[in-house]
Amino acid sequence: MSDTQTIQIKQLEKLRTAWQPAVEFLFGEAVPEARFSGFEIGEEVAKPVAVLDENTPYQYKIQIPARSFTNQVILLADVLQEMVKGLWPMEKNASRTNLCEGVAVFGAITGIKQVFGEESVDSYLNALKEQAFTYYDAFSYVAILLADDPQAIKKLRAVQPFLYKVEKVDFDQAGLEVERKMRDILLLTFRG
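Not measured: the values here are computed from a predicted model.

About the thresholds
Residues numbered from 1 in each chain as written. Predicted model: local features only at pLDDT ≥ 70, side-chain atom pairs only at ≥ 80, totals over all residues. Heavy atoms only, no water. Axes fitted to C-alpha atoms, helices over the stretch in contact; angles between N-to-C directions. Helix = DSSP H or I, 4+ residues; strand = E, 2+ residues; numbered from the N terminus. Parallel < 35°, antiparallel > 145°, perpendicular 65-115°, else oblique. Contact = heavy atoms within 4.5 Å. Nonpolar A, V, L, I, M, F, W, Y, C, P; charged D, E, K, R; others polar. Salt bridge = Lys/Arg side-chain N within 4 Å of Asp/Glu carboxyl O. Buried < 20%, exposed > 50% of the residue type's maximum accessible area, 1.4 Å probe, protein only. Core = buried A, V, L, I, M, F, W, Y, C linked by side-chain atoms within 4.5 Å. Phe/Tyr/Trp six-rings, centres within 6.5 Å; stacked < 30°, edge-to-face > 60°. Lys NZ or Arg CZ within 6 Å of the ring centre and 35° of its normal. 1 Å grid on protein atoms, 1.4 Å probe; cavity = no way out; pocket = protein on both sides within 12 Å on 5 of 7 lines; lining within 4 Å. Points joined across faces, edges and corners; volume = space filled by probe spheres on them. Expected span 1.5 Å × (residues − 1). Pairing = 2+ DSSP bridges.

Q: Is there a simple way to think about the packing of helix 1 (residues 3-27) against helix 6 (residues 152-159) in this case?
A: Closest axis-to-axis distance for the helix 1/helix 6 pair is 6 Å, and the angle between their directions is 80 degrees. By the angle between their axes, helix 1 is roughly perpendicular relative to helix 6. Where helix 1 abuts helix 6, its residues Glu24, Phe25, Leu26 and Phe27 lie against Ile153, Lys154 and Arg157. Taken together, the residues that form the contact of helix 1 with helix 6 break down as four nonpolar, no polar and three charged.

Shown next, in the form of structure tokens:
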């Protein structure tokens, strides 16, 4: 590993350490099975991704694109999105839902707002709308859900800790009054 990568890994670890309490405050604690094994930086990595260990269930590392380090807003967003997903690491071959991806983007937007302000949030959301609309769309539905009940994700996770396994009945069990159409959209397989 080069000196630059060593410095970048330390920067990522500091971000993770600083933001883990906020992520858990927003969306609940990580499932007990979750094990974070570190960061990797890659020139060939197109977007941030949590990669599960083949031999240890729910152990994951986060791969960050090298180009993320050229923009501090993007870097924070990339780290936060994958940290949020790390609260409920997905099993191999599991389907991502709009709910999971929307929550991850919501976490990133919350961090951007705290650190960089509203103007950066607007720029990030506009770029997302233009370049990755499926993420913007998923975020929008989660934002509506959380506007109605800021504790909705925690309530859902109290019923089903692995957010990607949430089913329609879990909304009722969590005591959330969510229209059928909204539930259907949130639980659709993510197409991003």
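Q: I would appreciate a short explanation of the pattern of salt bridges in the present structure.
A: Where charged atoms from two side chains of opposite charge approach closely, those side chains can pair. Counting across every chain of the model gives eleven salt bridges. Of the charged contacts, one joins Lys92 and Glu54 as a salt bridge, the two residues approaching to 3.2 Å between their closest N and O atoms. Of this pair, Lys92 sits in the loop between helix 2 (72-85) and helix 3 (98-116) while Glu54 sits in the loop between strand 2 (49-52) and strand 3 (59-65), and the two are 38 residues apart along the sequence. The two residues Lys92 and Glu54 agree in class, both being exposed. Across the salt bridge formed by Glu82 and Lys85, the nearest N and O atoms sit 3.2 Å from each other. With Glu82 and Lys85 both in helix 2 and three residues apart, this pair spans about one turn of that helix. By relative accessible area, Glu82 is classed as buried at 2%.

Q: Quick question: what am I supposed to make of the nonpolar core here?
A: Soluble globular proteins tend to bury their nonpolar side chains together. In terms of nonpolar packing, the biggest core is built from 62 residues, with Trp88, Leu99, Val103 and Leu163 touching the most fellow members. Counting residues per element, this core draws most heavily on helix 3, which supplies nine residues. In contact with Leu163, not counting residues within four places along its chain, are Trp88, Leu99, Cys100, Val103, Ile153, Leu156 and Arg157.

Q: Sorry, what's going on with the packing of aromatic side chains here?
A: Given two aromatic rings, one states the distance between the centres and the angle between the planes to describe the pair. The final tally for this structure, using the stated rule, is eight aromatic pairs. Taken together, a centroid distance of 5.1 Å and an interplanar angle of 70 degrees make the contact between Phe36 and Phe39 edge-to-face. Site record: aromatic cluster; members linked through ring pairs are Phe27, Phe106 and Phe139. Over the ring of Phe25 we find Lys154; its NZ or CZ atom is 4.9 Å from the centre of that ring.

Q: I keep staring at the layout of surface pockets and nothing clicks. Help me out?
A: Leftover empty space is mapped by rolling, across the atoms, a probe with the size of a water molecule. By volume, the largest pocket is sized at about 890 Å³. In terms of lining residues, the largest pocket is bounded by 36 residues, among which Lys47, Pro48, Val49, Glu82 and Lys85 are the most central. Every element with two or more residues in the lining of the largest pocket is listed here: strand 2, strand 3, helix 2 and helix 4 (118-131). Broken down by element, the residue count for the lining of the largest pocket peaks at five residues, all from helix 2. Broken down by class, the residue content of the lining of the largest pocket amounts to 19 nonpolar, six polar and eleven charged. Of the pockets and cavities examined, the second largest pocket occupies roughly 150 Å³. Lining the second largest pocket we find Leu145, Asp148, Asp149, Ala152, Leu176, Glu177, Val178, Glu179 and Met182.

Q: How should I be thinking about helix 5 (residues 133-148) in this particular structure?
A: Three- or four-residue spacings in an α-helix give side chains the same orientation, since the helix completes a turn every 3.6 residues. The first and last C-alpha atoms of helix 5 sit 23 Å apart over 16 residues, in line with the 22 Å expected at 1.5 Å per residue. Looking at helix 5, one finds that the buried residues are Tyr135, Tyr136, Ala138, Phe139, Val142, Leu145 and Leu146. Of the surrounding elements, those touching the buried residues of helix 5 are helix 1, helix 3, helix 4, helix 6 and helix 8 (180-187).

Q: Is there a simple way to explain the sheet that holds strand 1 (residues 35-42) in this structure?
A: Strand pairing in a sheet relies on backbone hydrogen bonds, with the paired strands running either antiparallel or parallel. Spatially, 1-3-2 is the arrangement adopted by the three strands of the open sheet, whose pairing is mixed. Two strands close off the open sheet at either side, each with one partner strand: strand 1 and strand 2. Recorded for the sheet is a direction-independent mean angle of 30 degrees between the axes of neighbouring strands. In terms of strand pairing, strand 2 meets strand 3 through four bridges, oriented antiparallel. Paired with Val51 across the bridge in strand 3 is Lys61. Where helix 2 meets the sheet, its contacts fall on strand 1, strand 2 and strand 3, and the angle it forms with strand 3 comes to roughly 160 degrees.

Purely spatial values, then, with no claim about function.
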